[in-house]
Amino acid sequence: MTNPLHNLTQIINDRSAHPVFQGCLQLISLDGCFSQINSAGLALFEADSFQELDGVSLTRFIDPAFFADVENLLRRVSAGEQVCLEVKILGLKGGSPWLELRLSPLRQPTGDIVAIFGIAHDISSRKNIEQSLFDSELRFRSLIEVIPQQVWIANADGSLSFVNQHTLDYFGVSVESIYGAGWETLVHPDDLIRARERWYQAITTGTQYEAECRLRRADGVYRWHVSLAMPLRDQQGHIVQWIGSSTDISASKDNETALRLSEKNLVAAQARAKIGSWQRDLINNVSVWSDEMYRIFDFDPQLPPPSIDKIIARVHPEDQAEFIRIHAQYLQAEGSQQLDFRYPLANGDFLWIEAKSEPFFDDAGKAVALTGTAQDITDRKRTEQALASSTQLLTECQAIAQIGGWEIDLRTNTLNWTDETYRIHDTTREEFNPSIDAGIGYFLPESRVQLQAALARATEFGEEYDLELEKLTVKGRKITVRTTCHVTMQNGKAIRLTGIFQDISEQKIAQVALKNAYAELERSNSMLEHIAHYDALTHLPNRVLLADRMQQAMH
């Protein structure tokens, strides 16, 4: 009868390179001691010969952490079981490989167990890989837990399988309630269908998932979030997991809304003010125009901003040279630039445009950008021209009538004169700066008293006046003026006095001459009457007087 113990001993001692025997083969007694081992086993246990292992207990080489497990396995094998265990051993020379140890009972033909047959394989490489994966996953999980971000993992089918603690705290939910498809209960009802459809599309196509939706925070408030997820694939390209995150973007959404509203208000404000804005990147030579810029210059807003040559071609011919000169300075970023120019329209009319530019410099002092505005100032220019015409007409009329204006601002105690008032006083704006005291001081004493009293009543009671007074001009020429006063009241208090100065010197001279002429005429008439009624030599009544008196008596 074949002895199985003898056969196994031969197999263990066989040094053939048959693949079956590449691992460690060992024969262990029932008390757990080595009785045979092949060369592969000697190498694993770092023994130079079997004598170093002969009769030594297997547990002598077992890492203490697995000691109890191995002793239990030996007992089970001795009882007839076949067992397998992954265990870490301690070699004679300090090595500590991982082994996959398989132990089987060795029986006699009678069925009696006489020894233990073991096969061991070095699985250190696989264990090292597993440990690296475990460490990597541990670091990944630790990182997930410490970042203030909602991080989650889903299975290949899309069911949620992991969320970090921050996610649970933010939404105020338990793991059980959010796993699987439980996350859908957090989505705003109006956003659920869209979020679900995009998630299904990503799962079925294997493409990146991205969606914006409102999620319910722990306090019940729905906040805008952007959710992103990427698939993880195995070596065959199959999706094994989805790793994703959800970020609260409500503040960004609010900022976007505020920015859109601000941009809308800016467009409306620019339209109301007829002012456009532009910016030019000098590094990349790229320009950007606002909508109002396109409207002012009458270009298609769907197209890029026009070239400067196209704009120059439309500028009024009389303004082109100055436009080109200012533009050359603008290109050199020579400080702020400003130019008013005319811009003809298709209907034959033209706009007045006020253009301004300002350079921007980097830290090295190099101009990197230009920004500016263009404002339609046609209405202002027309108003200025109309005002200039009116002012010229008023000035000419004042000069003809010799009437000037004056104003006293009682809040600032300042006096202003019109050009004709300066002329009446034989001076100019450049030569004389009028003040209230100086203005009063040029009046002659009697007139000064009258004027001071009138000004006091006007200031205190709002009483207006119209006076003819005598005064000296700045150069000492005596004149007679008519001055009036109109009072502007505010809350029952005088705040401004306005009036006229009229040089009536010639009128006064004419009045005196006329008065003298009347007096002379009366004297002449009296003499003629005397001559007609009395004899020039005797001074006795003559016949004319006698006839006249007889005629009166008869009647």
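In case you missed it, the structure is sitting above this.
Keep in mind it's a predicted model, so treat the numbers as computed, not measured.

J.: Any chance you could break down the overall build of the protein chain for me, citing the residues and the numbers?
T.: Helices and strands together make up the secondary structure of the protein chain, namely 17 helices and 20 strands. Among the 555 residues that make up the protein chain, the fraction classed as buried is 34%. In the protein chain, 42% of the contacts between residues at least 6 apart in sequence involve partners at least 24 apart. When the accessible area of the protein chain is evaluated, it comes to approximately 33,400 Å², of which 54% is carbon and sulfur surface.

J.: Can you tell me about helix H15 (residues 445–461), naming the residues and giving the values?
T.: Over its 17 residues, H15 extends 24 Å from the first C-alpha to the last, a length consistent with the 24 Å expected when each residue adds 1.5 Å. Residues of H15 that are buried include every one of Ser447, Leu451, Ala454, Leu455 and Ala458, and no others. Projected onto a plane normal to the axis of H15, the buried residues spread over an arc of 100° and lie on a single side. Exposed residues on H15 whose side chains face more than 90 degrees from its buried face are Pro445, Glu446, Val449, Glu460 and Phe461. Against the buried residues of H15 lie helix H14 (436–441), strand S18 (465–472), strand S19 (478–490) and strand S20 (493–503). Phi turns positive, to about 75°, at Gly462, one or two residues after H15.

J.: I'd love a proper account of the sheet that holds strand S6 (residues 150–155), names of residues and values included.
T.: Strands sit in the order S7-S6-S10-S9-S8 across an open sheet of 5 strands; the sheet is antiparallel. Bordering the open sheet on either side are strand S7 (160–163) and strand S8 (209–216), each of which pairs with just one other strand. The mean angle between the axes of side-by-side strands here comes to 25°, regardless of whether they run parallel or antiparallel. Where S8 and strand S9 (residues 222–233) come together, 8 bridges link them in antiparallel fashion. In the sheet register, Tyr209 faces S9, and the bridge partner there is Ala229. Strands in contact with helix H7 (residues 189–205) are S6, S8, S9 and strand S10 (239–248); relative to S8, the strand with the most contacts, it is inclined by about 150°.

J.: I'd like a description of the pattern of salt bridges, backed by residues and values.
T.: For the coordinates displayed, the defined rule picks out 32 salt bridges. The salt bridge partner of Glu130 is Lys127, with a shortest N-O separation of 3.6 Å. Taken as a pair, Glu130 and Lys127 lie in helix H4 (residues 124–146) at a separation of 3 residues, close to a single helical turn. Accessibility expressed as a relative area gives 16% for Lys127, which makes it buried.

J.: Describe the pairing of strand S4 (residues 98–107), naming the residues involved and giving the relevant values.
T.: S4 sits mainly inside the fold: 7 of its 10 residues count as buried. Pairing between strand S3 (residues 83–88) and S4: 6 bridges, direction antiparallel. Its bridge partner being in S4, Lys88 is matched across the sheet by Trp98. In this structure, S4 lies alongside strand S5 (residues 113–122), joined through 9 bridges in antiparallel fashion. Paired with Ser104 across the strands is Phe117, a residue of S5. Linking S4 back to S5 in an antiparallel pair, the connection comprises 5 residues, with Gly111 at a positive phi of about 95°.

J.: How would you explain H7 if you had to name every residue and give the values?
T.: Relative to the 24 Å expected for 17 residues at 1.5 Å per residue, H7 spans 25 Å between its end C-alpha atoms, a close match to the ideal helical length. When we look at burial in H7, the residues that qualify are Asp191, Leu192, Ala195, Trp199 and Ala202. Taken around the axis of H7, the buried residues stretch over an arc of 110°, which confines them to a single face. Of the exposed residues in H7, those oriented more than 90 degrees away from the buried face are Asp190, Ile193, Glu197 and Tyr200.

J.: Tell me about a nonpolar patch on the surface, residues and numbers included.
T.: A cluster of nonpolar side chains, namely Leu514, Tyr518 and Leu521, defines an oily patch on the protein surface of about 320 Å² accessible area. Its location among the elements puts Tyr518 in helix H16 (residues 505–533).

J.: Explain the sheet that holds strand S11 (residues 275–281) residue by residue, including any values.
T.: Across the sheet, 5 strands lie side by side as S12-S11-S15-S14-S13; this open sheet has antiparallel pairing. The open sheet has two edge strands, strand S12 (286–289) and strand S13 (337–344), and neither has a second partner. Here the average twist between neighbouring strands, direction ignored, is 20°. Of the pairings in the sheet, the one linking S11 to strand S15 (residues 367–376) comprises 7 bridges and is antiparallel in character. Across the sheet, Trp278 pairs through a bridge with Gly372, a residue of S15.

J.: How would you sum up unusual backbone geometry? Please name residues and give values.
T.: A positive phi angle is found at Asn285, which is not glycine, with a value near 55°. Mapped onto the fold, Asn285 is located in the loop between S11 and S12. For Asn285, a relative accessible area of 52% translates into the label exposed. Located in the positive-phi region is Asp426, a residue other than glycine, with phi close to 55°. With respect to the secondary-structure elements, Asp426 resides in the loop between helix H13 (419–424) and H14.

J.: So what's going on with the layout of surface pockets? Which residues, and what values?
T.: The space that makes up the largest pocket amounts to roughly 570 Å³. Trp278, Ile308, Ile311, His327 and Tyr330 are the residues nearest the centre of the largest pocket, which is lined by 29 residues in total. Taken together, the elements giving at least two residues each to the lining of the largest pocket come down to S11, S12, helix H9 (291–297), helix H10 (308–314), helix H11 (317–331), S13, strand S14 (350–361) and S15. Among the elements that line the lining of the largest pocket, the one with the most residues is H11, at 5 residues. Grouping the constituent residues of the lining of the largest pocket by class yields 18 nonpolar, 9 polar and 2 charged. The volume enclosed by the second largest pocket comes to roughly 250 Å³. Lining the second largest pocket are Leu133, Ser136, Glu137, Phe140, Arg141, Ile153, Leu232, Val240, Gln241 and Ile243. Mapped by element, the contributors of at least two residues to the lining of the second largest pocket are H4 and S10. The leading source of residues in the lining of the second largest pocket is H4, at 5 residues. Split by residue class, the lining of the second largest pocket holds 6 nonpolar, 2 polar and 2 charged.

Parameters and conventions
- Residues numbered from 1 in each chain as written.
- Predicted model: local features only at pLDDT ≥ 70, side-chain atom pairs only at ≥ 80, totals over all residues.
- Heavy atoms only, no water.
- Helix = DSSP H or I, 4+ residues; strand = E, 2+ residues; numbered from the N terminus.
- Buried < 20%, exposed > 50% of the residue type's maximum accessible area, 1.4 Å probe, protein only.
- Contact = heavy atoms within 4.5 Å.
- Areas by Shrake-Rupley, 256 points an atom, 1.4 Å probe, with all protein chains shown as cover.
- Expected span 1.5 Å × (residues − 1).
- Arc of directions from axis to C-beta.
- Pairing = 2+ DSSP bridges.
- Axes fitted to C-alpha atoms, helices over the stretch in contact; angles between N-to-C directions.
- Salt bridge = Lys/Arg side-chain N within 4 Å of Asp/Glu carboxyl O.
- Patch = residues over 30% accessible without salt bridge, like charges linked within 9 Å, V, L, I, M, F, W, Y side chains within 5 Å.
- 1 Å grid on protein atoms, 1.4 Å probe; cavity = no way out; pocket = protein on both sides within 12 Å on 5 of 7 lines; lining within 4 Å.
- Points joined across faces, edges and corners; volume = space filled by probe spheres on them.
- Nonpolar A, V, L, I, M, F, W, Y, C, P; charged D, E, K, R; others polar.

On their own, these measurements won't tell you what the molecule is for.
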